[in-house]
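Each chain, written out:
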Amino acid sequence: SRTLGTVWGCGLRETLTLRAEVLTLRADREKAKTELAGLDEYRHSSRDLAAELRRLERLMPDEPDQKGILTLLKEVEEQAGRTTSGAVDFTILSSKILDERNKPGRKPTALPYDEYALDLTASGTWTGFVSFLDGLERADRLVSVKSFKTSEPDKVDPQCYQYRIVLTVYALKAAPVTAGG
């Protein structure tokens, strides 16, 4: 009987050498497949990390982004300010940003973020006010309520109150510049 090596015109040694090379190539192919699978997993996790970074940047941007916070407040107000019948339930009457971060004589802090106050006056029902606070809590921006005051009920509409709300808004500080970097 003829051996496989002699059928192909190779000797046993050449056949074994070719067989070893085929096995090495198969192992390299499997290793490459594993590395590609790892690369796909890395790409997926890096997309997840990038999405999380964007979410965190919205939560606490590296600048006060005053326009962004006012836009956010308007969106929250619109969501909170409508009843199921479409009546206005909560309205921001005025807002004023109290940014004292660069005020002369202000002591710098070691915290990695700055904060500034946003003073709001609003009008609406208690339910609308609570809905507004709930919307702030759910927003993708870090804002805390520093204080609020309510007035006596309106004489014309006893369900309506005036509110003065002071919010604290946070922004990351710029990273310190280091020598050589």
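Note that the structure is predicted; figures quoted are calculated from it, not measured.

## Overview of the overall build of the chain
A count of helices and strands for the chain gives 4 helices and 4 strands. The order of helices and strands in the chain, counted from the N terminus, is α-α-α-β-β-α-β-β. Residues counted as buried form 23% of the 181 residues belonging to the chain. Long-range pairs, those at least 24 residues apart, make up 70% of the contacts in the chain with a sequence separation of at least 6. Entry remark: accessible area of the chain is about 13400 Å², with carbon and sulfur atoms responsible for 56%.

## Here we look at the packing of aromatic side chains
Under the definition given, this model contains 8 aromatic pairs. Relative to Phe-132, the ring of Phe-90 lies with its centre 4.8 Å away and its plane at 25°, an arrangement referred to as stacked. Note that Phe-90 is positioned in strand E1 (residues 90-98) and Phe-132 in helix H4 (residues 126-138), a separation of 42 residues in sequence. Exposure class is identical for Phe-90 and Phe-132. Each is buried. Judged by centre distance (5.9 Å) and plane angle (45°), the rings of Phe-90 and Tyr-163 are tilted. Of the two residues, Phe-90 sits in strand E1 while Tyr-163 sits in strand E4 (residues 160-172), which places them 73 residues apart along the sequence. For Phe-90, a relative accessible area of 2% corresponds to the buried category.

## Here we look at the nonpolar core
The biggest cluster of nonpolar side chains holds 20 residues, and the ones touching the most others in it are Leu-73, Phe-90, Leu-120, Phe-132, Ile-165 and Leu-167. Contributions of two or more residues to this core are made by helix H3 (66-80), E1, strand E2 (113-125), H4 and E4. Looking at which element gives the most residues to this core, the answer is H3, with 5 residues. Not counting residues within four places of it along the chain, the set of residues in contact with Phe-132 comprises Leu-73, Val-76, Glu-77, Ala-80, Phe-90, Ile-92, Leu-120 and Ile-165.

What counts, and at which threshold
Residues numbered from 1 in each chain as written. Predicted model: local features only at pLDDT ≥ 70, side-chain atom pairs only at ≥ 80, totals over all residues. Heavy atoms only, no water. Helix = DSSP H or I, 4+ residues; strand = E, 2+ residues; numbered from the N terminus. Buried < 20%, exposed > 50% of the residue type's maximum accessible area, 1.4 Å probe, protein only. Contact = heavy atoms within 4.5 Å. Areas by Shrake-Rupley, 256 points an atom, 1.4 Å probe, with all protein chains shown as cover. Phe/Tyr/Trp six-rings, centres within 6.5 Å; stacked < 30°, edge-to-face > 60°. Core = buried A, V, L, I, M, F, W, Y, C linked by side-chain atoms within 4.5 Å.

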